[in-house]
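Residue-level structural notes
Each chain, written out:
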Amino acid sequence: MMKTLGYPFLIILCLCFQFCKKSEPGKPLPILTKETVLPPGYNVNLYHYKKTIVQYLNVLNDIIVDSTDRSKAFLIGQFSSGSTFSLASAMGIVKFSSSSNTFSQYPSPFFYATITSLYQASNGLHYIGGSFSDGTYSGCLGYKLPSSTSITIIGGVNDLVNCITEFGNDIYFTGNFTYYNAAPCSPLLFFNKTTNAPVNSFGPQQYGTGATRIVSYNSKPIIAGPGLSAYGRIYTTDGATWDVACGGGFNGICYDLLSYNGKVYAGGYMTNSSINTSPMHYVNEYNGSFWVPVGVNNLPGACNDIEIYNGTLYACGNQYIYSLDKNDNKWKSVVDAGTLSLGNVAMMKFLNGKLYVYMGYEFCELTKQ
């Protein structure tokens, strides 16, 4: 009788042991199947969502990657107070960290400021353009140490400095100005960055104002911008003579220039060159003689901004962000129109592997999931 009862008891004991083993504290129950269900047509490589960082940003003129920490950037524009960024003060420049999506104070020397350009030079100085005052002096161009609240203002420039860069020992700048020290000047000026000596001009020619970009091609500066409405919208010089329709020029506005791996790209609202009927796209490449369309197809609208990320060319405009597919040389959207609606994308920047855009007065991060 005892022997007969032993077998059921042994079976129950084994089952209890197995149950206790599966329910052991700290050990999750085994998952036999795991399935992720995506909506039909969902592409994990596209951007699907928008995370608003700042909602009401009235005037943002540029997003400049911090050369000392490429996960950070400087936002420059016309910021009347720091309340937009939850700071005590902004005054034209604010620092942004993509690691935490937060803003921090820039050591500001300004009493008032509209900042249109900021350049981090190899001599350790920040060169700043726009229209500003330190409370005692005012001007359109100056330089400072990044950590200092004091700025040295370079006088004589009569209007906004929109873009600053360096070639060799010199700092070049362009903008809306037409005079330097009360004398007519060209839309491109420069000065020595070692001595910060007085500005020199590429002659007294006035070929229009409103240049916003400078790049270098074969050691020559190329400038462009919405205000350069005559002669082809894009200029270059060898220091003695001007070519005011560089590469044939454009019949429409050039909004952006980008230099990458020895190539120069121009983006804007152009359909052909200014000297003939050679067709243009909204992004074109300079081959040293002429501008040639980029991509076998065109973008859906005028290009506001061009960026390079991981060797891929990106372009943005009204309701679109596209990249150039290297396999078939076609422009393709990187945004899922079914889940994310874009406004007019004025500018974009990749920081720390994240994509940030400025559109419709919003500064946003676009995400893929």
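As the structure is a prediction and not an experimental result, all values here were calculated from the model.

So, the sheet that holds strand β5 (residues 102-105)
The strands making up a sheet associate through backbone hydrogen bonding, with each pair oriented either parallel or antiparallel. An order of β2-β3-β4-β5 is seen for the four strands of this open sheet, with the pairing classed as antiparallel. One side of each edge strand has no neighbouring strand; the edge strands of this open sheet are β2 (60-65) and β5. Adjacent strand axes in the sheet meet at a mean angle of 30°, parallel and antiparallel pairs treated alike.

So, the sheet that holds strand β19 (residues 242-243)
Strand order across the open sheet formed by four strands is β16-β17-β18-β19, with antiparallel pairing between neighbours. Bordering the open sheet on either side are β16 (213-217) and β19, each of which pairs with just one other strand. Relative to β19, strand β18 (residues 234-237) runs antiparallel, the two being bridged by two bridges. Residue pairing for β19: T236 is matched across the bridge by D243.

Let's talk about the pattern of salt bridges
Applying the stated criterion across every chain yields a total of eight salt bridges. Between K51 and E365 there is a salt bridge whose closest N-O contact spans 3.7 Å. With a gap of 314 residues between them, K51 in strand β1 (residues 49-54) and E365 in strand β30 (residues 362-367) connect regions that are remote in the sequence. Where K193 meets E166, a salt bridge forms, and the shortest distance between an N and an O atom there is 3.1 Å. Here K193 is found in the loop between β14 (188-192) and β15 (200-201), whereas its partner E166 is found in strand β10 (residues 161-167), with 27 residues between them in sequence. For E166, a relative accessible area of 15% translates into the label buried. Taken together, the salt bridges that share partners define one network made up of D325, D328 and K332.

Comments concerning the environment of P221
With respect to the helices and strands, P221 occurs in strand β17 (residues 220-224). Sequence separation between P221 and T236 is 15 residues, and the spatial gap between their C-alpha atoms is 5.7 Å.

Focus: the packing of aromatic side chains
Following the criterion strictly, the structure yields 26 aromatic pairs and no others. Centroid distance F202 to W242: 6.4 Å. Interplanar angle 85°. Geometry classified as edge-to-face. One end of the pair, F202, is in the loop between β15 and β16; the other, W242, is in strand β19, and 40 residues separate them in sequence. Residue F202 is classed as buried on the basis of its relative accessible area, which comes to 11%. Counting every residue linked through ring pairs, the aromatic cluster contains F79, F85, F96, F103, Y356 and F363.

A short note on the side chain of N162
On the secondary structure map, N162 appears in strand β10. Assessed through its relative accessible area of 11%, N162 is described here as buried. Looking at N162, its side chain comes within polar contact range of the main-chain oxygen of A211, at 3.1 Å. Apart from residues lying up to four places away in sequence, N162 is in contact with T116, S117, T174, G175, N176, G210, A211 and T212.

Considering the state of the cysteines
As enumerated under the stated definition, the model contains zero disulfides in all. Unpaired in this structure, C254 has its nearest cysteine sulfur neighbour in C303, at a distance of 8.9 Å. With a relative accessible area of 0%, C254 lands in the buried category. Cysteine C316 remains unbridged, with the sulfur of C303 as its closest cysteine sulfur at 6.1 Å.

Conventions used here
- Residues numbered from 1 in each chain as written.
- Predicted model: local features only at pLDDT ≥ 70, side-chain atom pairs only at ≥ 80, totals over all residues.
- Heavy atoms only, no water.
- Pairing = 2+ DSSP bridges.
- Helix = DSSP H or I, 4+ residues; strand = E, 2+ residues; numbered from the N terminus.
- Axes fitted to C-alpha atoms, helices over the stretch in contact; angles between N-to-C directions.
- Salt bridge = Lys/Arg side-chain N within 4 Å of Asp/Glu carboxyl O.
- Buried < 20%, exposed > 50% of the residue type's maximum accessible area, 1.4 Å probe, protein only.
- Phe/Tyr/Trp six-rings, centres within 6.5 Å; stacked < 30°, edge-to-face > 60°.
- Polar contact = N/O pair within 3.5 Å; in protein donor to acceptor, adjacent residues only side chain to side chain.
- Contact = heavy atoms within 4.5 Å.
- Disulfide = S-S within 2.5 Å.

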